[in-house]
Protein chains: 2
Amino acid sequence: MWYSRIPMGAKRDIKTADRILDAAEKLVQVRGFNAFSYADVSKAVGIQKASLHHHFATKTDLGVALVERYRRVFLEALAGIESEEDAAVDRLERYIGLYRTVLRKKRMCMCGMLAADVATLPTPMRDSVAVFFAENESWLTRVISAGTSRGELHFAGTPASMAAFIVSSLEGAMLVARGRGEPAHLDDVASLLIANMRPPTPSRSAKAR
Amino acid sequence: MWYSRIPMGAKRDIKTADRILDAAEKLVQVRGFNAFSYADVSKAVGIQKASLHHHFATKTDLGVALVERYRRVFLEALAGIESEEDAAVDRLERYIGLYRTVLRKKRMCMCGMLAADVATLPTPMRDSVAVFFAENESWLTRVISAGTSRGELHFAGTPASMAAFIVSSLEGAMLVARGRGEPAHLDDVASLLIANMRPPTPSRSAKAR
DNA sequence: CCATCCCTACCTACTAGATGGTAGACTGCA
DNA sequence: TGCAGTCTACCATCTAGTAGGTAGGGATGG
């Protein structure tokens, strides 16, 4: 009936389910989970409202699928970064780039948005949002640990606490950037974040190597 | 007719308007602007829904009054901090305490919440939210400037950029704390924030003196 | 001193439109 | 033939907002 059934004959329906997810994801990132309706998705996808229920029986089902896909895609992006970059600072820059890309599309991180809506969210969505942040922090902890032990980073506190700090700063930067109507806000925060993690000693070109 | 008329005979009505604002503020901080209704406020205040329209003709009017009052109260709190504390670090700790107090009540900063809802907000509310962040940053800039020139603080970047950074980190910390369901998250972020702004040199008791 | 008037605060009862969701039928492909 | 995908038509409930009326207090004026 709906989304979890991936291995099936045609691909037309998978495409529809994905188009629904795409439209809903954008709506959540821009307006929030409570401020979009099946009617909005219907309009965006070009399908009747009732047909949406065929793919995602309830709004909760849609929401859960949304967060799960978002987490999966994000994790894949993180794995990509880790395999393409070696230096901790470069990895962090790429990580920040993920946020920048989202904000440039005038969206907010979907899980940041859902974190705001958390009090009104169905429990399974809530849990999945919590996992998203935990996954982000544990990836960052790994990157930062490697970076500090190689002397590429310097700061007060543990890698884990710094990882939590980075997630918070970036989520907050997106939020405030929206609130202020100034997307550049994120760049300012990001560069200060990196600046304060660089080792202090010889000149400022202490980048990789 | 409604709120702007403060100087009048009785005080009963002022109290009602304030009770409405209190209830609505809490609802916004917990659920967001789109996820509460006049019916919710009606229940919380113990007044008929239609009577709410007597005090705040539309939801937009209510929203604008809400943000304006929030800003005013926040500014007063900041002025209080400035007059009661001299050392920059103490002022920052007190500033962070403001956020902690809100989160302890299981709420989010109201303007942080509204920043998430920004795409669906009536324009006057949007503007007022932007001013809230600007006011916060300019207060912090002043505090940080004084602190750096007295050698109480040390970090990479300008006081203004650090001020923006602090607002973002704290707003983000509240958001992630909610998303993770771990209020302590804010404390971790806050202490790391302070730790990375302390002057590096002699011991860690470089506080005020 | 009292009748009138006006205003604020509140009420009951209603509306139009949106919301998430359902029932049941049609269509085209495997 | 069966079934996934779509449709039209519908529903109960909730939404912000309106209409119109009542109670009571304070001022005004005769």
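Definitions and cut-offs
- In every chain, residue numbers begin from 1 and rise along the written sequence.
- Labels are handed out in written order, letters beginning with A for the chains and numbers beginning with 1 for the ligands.
- The predicted origin of the model limits local features to residues at a pLDDT of at least 70 and limits the giving and counting of side-chain atom pairs to 80 or more, whereas totals for whole chains, interfaces and linings rest on all residues.
- Secondary structure elements are defined from DSSP: runs of H or I of at least 4 residues count as helices, runs of E of at least 2 residues count as strands, and each element is numbered from the N terminus.
- Labels follow a simple rule on C-beta atoms placed from the backbone: if 20 or more others lie within 10 Å of a residue's own, it is buried; if 12 or fewer, it is exposed; otherwise it is partly exposed.
- Contact between residues is assigned whenever the C-beta positions, reconstructed from backbone atoms, fall within 7 Å.
- Copy-to-copy alignment: least squares on C-alpha atoms, limited to residues at pLDDT 70 or above in both.
- By the convention adopted, Pro, Cys, Tyr, Trp, Phe, Met, Ile, Leu, Val and Ala count as nonpolar, Lys, Arg, Asp and Glu as charged, and the other residues, Gly among them, as polar.
- Lines fitted to C-alpha atoms define the axes, with helix axes restricted to the stretch in contact, and inter-axis angles between N-to-C directions lie between 0 and 180 degrees.
- An angle below 35 degrees is read as roughly parallel, one above 145 as roughly antiparallel, one from 65 to 115 as roughly perpendicular, and any other as oblique.

Draft legend 1. Spotlight on the overall build of chain A. Looking only at helices and strands, chain A features nine helices and zero strands. Shown N-terminal to C-terminal, the secondary structure of chain A runs as helices and strands in the order α-α-α-α-α-α-α-α-α. Every one of the 209 residues in chain A was classed for burial, and the buried ones make up 43%. In chain A, 65% of the contacts between residues at least 6 apart in sequence involve partners at least 24 apart.

Draft legend 2. Broad picture of the relation of the copies chain B and chain A. The transformation that overlays chain B on chain A combines an axial shift of 0.0 Å with a rotation of 180 degrees, and the residual RMSD is 0.0 Å. Viewed as a symmetry operation, the transformation between the two copies matches a two-fold axis. The C-alpha atom lying nearest the rotation axis in chain B is that of Gly172(B); the distance is 1.7 Å. Residue by residue, 100% of the interface of chain B is reproduced at the interface of chain A, so both copies engage with the same surface.

Draft legend 3. Expanded view of the interface of chain B and chain A. Across the contact, 45 residues belong to chain B and 45 residues belong to chain A. Contributions of two or more residues to the side of chain B that touches chain A are made by helix H1 (12–31), helix H6 (110–116), helix H7 (123–149), helix H8 (159–180) and helix H9 (184–195) of chain B. Top element by residues in the side of chain B that touches chain A is H8(B). It accounts for 16 residues. For the side of chain B that touches chain A, a count of residues per class yields 26 nonpolar, 13 polar and six charged.

Draft legend 4. Structural context of the packing of helix H5 (residues 88–104) of chain B against H9(B). All names here are of chain B. Running from N to C, H5 and H9 cross one another at 170 degrees; their axes reach a closest spacing of 11 Å. By the angle between their directions, the pair H5 and H9 is classed as roughly antiparallel. Residues Val-89, Leu-92, Glu-93, Ile-96, Tyr-99, Arg-100 and Leu-103 of H5 lie in contact with H9, whose contacting residues are Leu-186, Ala-190 and Ile-194. A breakdown of the residues in the contact of H5 with H9 according to their chemical character gives eight nonpolar, no polar and two charged.

Draft legend 5. Just unusual backbone geometry, in detail. All names here are of chain A. For Lys-106, which is not glycine, the phi dihedral falls at a positive 60 degrees. Note on placement: Lys-106 falls in the loop between helix H5 (88–104) and helix H6 (110–116). Using a count of 12 C-beta atoms within 10 Å as the deciding quantity, one classes Lys-106 as exposed.

Draft legend 6. Fine view of the environment of Ala79(A). Residue and element names in this part refer to chain A. Position of Ala-79 among the secondary structure elements: in helix H4 (residues 59–84). For Ala-79, a count of 11 C-beta atoms within 10 Å gives the class exposed. Taking C-alpha positions, Ala-79 is 9.0 Å from Trp-139, a pair spaced 60 residues apart along the chain.

Draft legend 7. The environment of Cys109(A), seen in detail. Residue and element names in this part refer to chain A. With respect to the secondary-structure elements, Cys-109 resides in the loop between H5 and H6. Overall, the presence of 23 C-beta atoms within 10 Å leaves Cys-109 in the buried class. C-alpha of Cys-109 to C-alpha of Met-174: the two residues are 65 residues apart in sequence and 7.7 Å apart in space. Cys-109 has contacts with Tyr-99, Val-102, Glu-171 and Met-174, leaving out every residue within four places of it along the chain.

Read these as geometric descriptors, not functional statements.
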